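# Reading the structure
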Amino acid sequence: MLTVGSLSRAELAARLSGDGIVLRTGPFANRIRSDVPPLIDSFALMYADYPVDPDGGFVDFYLDLRRSGGLRRWYRPQVHFAYDGATPFQPLPLGQAYPMLEWTMNWCVSHRAHGYLIIHAAVLEKHGRAVILPAPPGSGKSTLTAALLGHGWRLLSDEMTLVHLDDGTLVPLPRPVSLKNTSIDIIRAFRPDAVLSRPVEETTKGTIAHLKAPAESIARAAEPARPACIVFPRWEAGAAMLLDPLPKARAFMQVADNCFNYQVLGARGFAALAGLIDASDAYTFRYSSLPDAMALFERLALGTA
């Protein structure tokens with residue numbers, strides 16, 4: 001199987017700047033083209049373990065990230081994103097090309113993959129039990145996810161939980177974990193083994209770095225998981241850890257608020273979300289200590305919390 005890491009830097013750059021490379025991420029094939037060196041360097045690091053599909057097959061998303069032409073090429077250079085020939089976003093500074101790739105890959109799934117109920121949530125699995133972590137920005141979701149990956153959890157996704165509409169299973173979409181601002185140094189200290197991309201400053205979300213997804217999670221991207229828990233995390237400095245049961249009716253409404261396409265799917269979305277809530281225990285979770293959180297999530301994985 002051809003992977004990104006099996007290509008030399010020169011081969012990868014030639015493919016990306018030419019006809020593109022078809023990257024397999026979970027159920028999706030992404031044809032990616034780019035001539036931006038910082039993007040290519042981070043892509044080579046973060047996606048080394050991912051399979052490359054052969055040319056000529058079906059492609060879900062066509063993504064093209066290129067340097068802007070004209071005077072912009074020399075004065076405050078920018079990168080722009082084209083999707084199927086359209087340009088849905090404003091260009092960004094050239095140094096933000098790699099975060100832009102990650103954001104546009106998320107955008108493609110959240111706006112086009114309506115074969116699934118899509119929840120804005122991380123999802124991880126251990127001992128056959130999957131835990132879904134829906135949360136708004138600043139809640140500590142990605143920091144918690146990155147920490148759990150160093151304690152034997154399998155990454156299904158950091159950003160989007162894909163719920164199969166027919167059987168309610170959770171479909172893996174393992175990709176790099178997005179860390180912001182102080183979370184970057186927190187994870188560097190908590191997980192010295194973690195592989196991080198070069199931090200990019202002054203984005204709309206502050207400083208961004210990405211954590212490389214575990215190779216085992218990528219290798220198991222075709223294995224769905226069964227939901228066991230839905231946990232709404234909130235990091236609060238100095239707070240005592242607290243796990244509180246959440247009534248299923250409230251959990252339904254809060255998860256619905258975190259869905260990208262619940263209303264688009266209509267009755268099928270309602271049925272999929274109802275099935276997910278029925279199959280899962282739901283909690284709110286407040287924490288300030290990552291070691292304490294690791295111990296509690298181990299109990300959730302064993303069903304003893």
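Going by the structure above, here's the rest.
In this report, the structure presented in the accompanying data block is examined. (Residues numbered from 1 in each chain as written. Predicted model: local features only at pLDDT ≥ 70, side-chain atom pairs only at ≥ 80, totals over all residues. Heavy atoms only, no water.)

Each helix and strand counted, the protein chain has 10 helices and 16 strands in total. On C-alpha atoms alone, the protein chain measures out to a radius of gyration of 19 Å, which is about the 19 Å that the 2.2 N^0.38 rule sets for 305 residues. Reported as C-alpha extents along the three principal axes, the dimensions of the protein chain are approximately 55 × 45 × 35 Å. Each of the 305 residues in the protein chain was classed as buried or not, and the buried ones make up 53%. Of the contacts formed within the protein chain by residues at least 6 apart in sequence, a portion of 71% connects residues at least 24 apart. Element-wise, carbon and sulfur atoms account for 55% of the exposed surface of the protein chain, whose accessible area totals about 13300 Å². For the protein chain, the distance from the average site of its 30 positive side-chain charges to the average site of its 29 negative ones is 3 Å. (Helix = DSSP H or I, 4+ residues; strand = E, 2+ residues; numbered from the N terminus. Rg over C-alpha atoms; globule rule 2.2 N^0.38 Å. Buried < 20%, exposed > 50% of the residue type's maximum accessible area, 1.4 Å probe, protein only. Contact = heavy atoms within 4.5 Å. Areas by Shrake-Rupley, 256 points an atom, 1.4 Å probe, with all protein chains shown as cover. Lys, Arg positive; Asp, Glu negative; His and termini not counted. Charge placed at Lys NZ, Arg CZ, Asp CG, Glu CD.)

Turning our attention to the packing of aromatic side chains. Tallied over the entire structure, the rule returns 14 aromatic pairs. Aromatic side chains Phe-81 and Tyr-83 sit 6.5 Å apart centroid to centroid with 40° between the ring planes, which places their arrangement in the tilted category. When sorted by exposure, Phe-81 lands in the same class as Tyr-83, which is buried. With a centroid separation of 5.3 Å and 85° between ring planes, the pair formed by Tyr-83 and Trp-107 is classed as edge-to-face. In this pair, Tyr-83 is assigned in strand β4 (residues 78-83) and Trp-107 in helix α3 (residues 97-112), connecting sequence segments 24 residues apart. (Phe/Tyr/Trp six-rings, centres within 6.5 Å; stacked < 30°, edge-to-face > 60°.)

Glancing now at the pattern of salt bridges. In total, this model carries 19 salt bridges according to the counting rule given. For Asp-64, the salt bridge identified is with Arg-33, shortest N-O distance 2.8 Å. Here Arg-33 lies in strand β2 (residues 28-34) and Asp-64 lies in strand β3 (residues 61-67), a separation of 31 residues in the sequence. Residue class for Arg-33 comes out partly exposed when judged on its relative accessible area of 27%. (Salt bridge = Lys/Arg side-chain N within 4 Å of Asp/Glu carboxyl O.)

Before going further, it helps to examine the sheet that holds strand β12 (residues 200-203). Pairing within the open sheet is antiparallel, and its three strands lie in the order β11-β13-β12. The sheet terminates laterally at β11 (177-180) and β12, the two strands that pair on one side only. For this sheet the average axis-to-axis angle between neighbouring strands, irrespective of direction, equals 35°. Judged from the four bridges that link them, β11 and strand β13 (residues 206-211) form a sheet pairing that is antiparallel. Across the sheet, Lys-180 pairs through a bridge with Ile-208, a residue of β13. Contacts between helix α5 (residues 182-190) and the sheet are confined to β11 and β13, with β11 contributing the most and set at about 115° to the helix. (Pairing = 2+ DSSP bridges. Axes fitted to C-alpha atoms, helices over the stretch in contact; angles between N-to-C directions.)

Assignment of secondary structure puts Leu-265 in helix α8 (residues 262-265). The sequence separation of Leu-265 and Ser-34 amounts to 231 residues, and the corresponding C-alpha distance is 33 Å.

Attention now goes to the nonpolar core. Phe-43, Leu-144 and Phe-297 are the most contacted members of the largest nonpolar core, which totals 74 residues. Ignoring sequence-local partners within four residues, the contact set of Phe-43 consists of Val-4, Leu-12, Leu-16, Ile-21, Leu-23, Ile-32, Ala-48, Tyr-98 and Leu-101. (Core = buried A, V, L, I, M, F, W, Y, C linked by side-chain atoms within 4.5 Å.)

Further remarks concern the state of the cysteines. A full pass over the atoms with the stated rule returns zero disulfides. For Cys-229, which is in no disulfide, the shortest distance to another cysteine sulfur is to Cys-259 and amounts to 18 Å. (Disulfide = S-S within 2.5 Å.)

Moving on: the sheet that holds strand β1 (residues 21-25). Strand order in the open sheet made by the five strands is β1-β2-β3-β4-β5, with mixed pairing throughout. Lying at the two open borders of the sheet, with one neighbouring strand each, are β1 and β5 (92-93). Together, β1, β2 and β3 form the strand contacts of helix α2 (residues 37-46), whose direction differs from that of β2 by roughly 145°. Its contacts with the sheet put α3 on β1, β2, β3, β4 and β5, and the angle it makes with β3 is roughly 155°.

Moving on to helix α4 (residues 141-149). Burial within α4 is extensive, with nine of its nine residues counted as buried. Within the sequence span of α4, burial applies to Lys-141, Ser-142, Thr-143, Leu-144, Thr-145, Ala-146, Ala-147, Leu-148 and Leu-149.

It is worth spelling out the environment of Ala-237 at this point. Topologically, Ala-237 is positioned in the loop between β14 (227-235) and β15 (242-245). Of the residues examined, Ala-237 reaches a relative accessible area of 56% and is grouped as exposed. In this structure, the C-alpha to C-alpha distance between Ala-237 and Ser-288, residues 51 residues apart in sequence, is 5.3 Å.

The analysis is restricted to geometry; functional conclusions fall outside its scope.
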